[in-house]
Amino acid sequence: MYAKAPNAISRWFAHARITSGMLRALDRIGPGGVIIADPYRQDYRVTHARTLNPDQKREQFIVFGYQDLVTSLPGFQQDYGQRAWKELVAAVDCTALDCMDARVADLTATGFVTTRMRQHLRRYDLDLTAAPYYYDKHLRPGGPVATRRTVRDEYAYRAAPHITVSVTSPVDEKTGAFSLIRIFDGDRHVTGWPTRMSNQFIAAHQAYRVREAIQAHLARNRT
């Protein structure tokens, strides 16, 4: 999948395992629950995203979250039936290790603005609820092959976990590319907008705008 460096962090986790008990605990915690890799302990553990410092790069990082669980499980149930849970645990354990070095490289390369956005949203009670998803976004379909490294963060609103927020951003804000913010109520799209988050002050304003949009939506739907 990728070339591992001689000091690959994944080597530290060769004997660590993500277990069925960890996924059960993640399910009990619900939105905001995450499984993190802790290089100092060289092991995985389950916690809530609000306990993490978004500014950390290699210290502790999310490898699987509650949203990943609820998204993945139905497909495993369809494919494996009664063996779904066992197969899911094995897949999460294997993927966490196989993707670890690439994940750490992406986290290290993540720009200051994206990190600040994570901090601002947590201040407004929005908790990361999935592992950040990094991918290469293809540019200008039909034109020359070009990609931009992109990250999508998924959040749950602590006071009303059925409210979720998706923030898709360029990993390097210096590209000047647009970010996309979307707010959902369950499976229903509430609102969303593109924005260029070129500095931390714009990120702070956008996080505030997310909070205000959530509050306005909840007020409109209050019974």
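Note that this is a predicted model, so its numbers are computed, not measured.

A. Looking closely at the pattern of salt bridges. Taken as a whole and assessed by the stated rule, the structure comprises 12 salt bridges. Ionic pairing is found between Asp38 and Arg41, a salt bridge with its closest N-O pair at 3.8 Å. We classify Asp38 as buried; its relative accessible area is 4%. In this structure, a network of salt bridges that share partners links the residues Asp38, Arg41 and Arg45.

B. Highlighting the packing of aromatic side chains. Following the criterion strictly, the structure yields four aromatic pairs and no others. Over the ring of Trp85 we find Arg24, and its NZ or CZ is 3.9 Å from the ring centre. Across from the ring centre of Tyr124, 5.0 Å away, lies the NZ or CZ of Arg123, which sits over that ring.

C. Structural view of the packing of helix H1 (residues 20-29) against helix H3 (residues 84-98). Running from N to C, H1 and H3 point in directions that differ by 100°, and their axes come no closer than 9 Å. It follows that H1 is roughly perpendicular to H3 by the angle criterion. The residues of H3 that touch H1, namely those facing Ser20, Leu23 and Arg24, are Trp85, Leu88, Val89 and Val92.

D. Summary view of empty space enclosed by the protein. Within the structure shown, the criterion is met by two cavities of 30 Å³ or more. Of the volumes computed, that of the largest cavity is approximately 280 Å³. In terms of lining, the largest cavity is formed by 21 residues, of which the most central are Asn53, Pro54, Ile62, Arg118 and Leu128. Counting only elements with at least two residues in the lining of the largest cavity, the list comes to strand E3 (61-65), helix H4 (100-109), helix H5 (112-123) and strand E4 (126-128). Of the volumes computed, that of the second largest cavity is approximately 50 Å³. Along the walls of the second largest cavity sit Val113, Thr114, Ser169, Pro170, Glu173, Ala177, Ser179 and Met197, which together make up its complete lining. Of all elements in the fold, only H5 and strand E7 (163-170) reach the threshold of two or more residues within the lining of the second largest cavity. A per-class count over the lining of the second largest cavity returns four nonpolar, three polar and one charged.

Calculation criteria
- Residues numbered from 1 in each chain as written.
- Predicted model: local features only at pLDDT ≥ 70, side-chain atom pairs only at ≥ 80, totals over all residues.
- Heavy atoms only, no water.
- Salt bridge = Lys/Arg side-chain N within 4 Å of Asp/Glu carboxyl O.
- Buried < 20%, exposed > 50% of the residue type's maximum accessible area, 1.4 Å probe, protein only.
- Phe/Tyr/Trp six-rings, centres within 6.5 Å; stacked < 30°, edge-to-face > 60°.
- Lys NZ or Arg CZ within 6 Å of the ring centre and 35° of its normal.
- Axes fitted to C-alpha atoms, helices over the stretch in contact; angles between N-to-C directions.
- Helix = DSSP H or I, 4+ residues; strand = E, 2+ residues; numbered from the N terminus.
- Parallel < 35°, antiparallel > 145°, perpendicular 65-115°, else oblique.
- Contact = heavy atoms within 4.5 Å.
- 1 Å grid on protein atoms, 1.4 Å probe; cavity = no way out; pocket = protein on both sides within 12 Å on 5 of 7 lines; lining within 4 Å.
- Points joined across faces, edges and corners; volume = space filled by probe spheres on them.
- Nonpolar A, V, L, I, M, F, W, Y, C, P; charged D, E, K, R; others polar.

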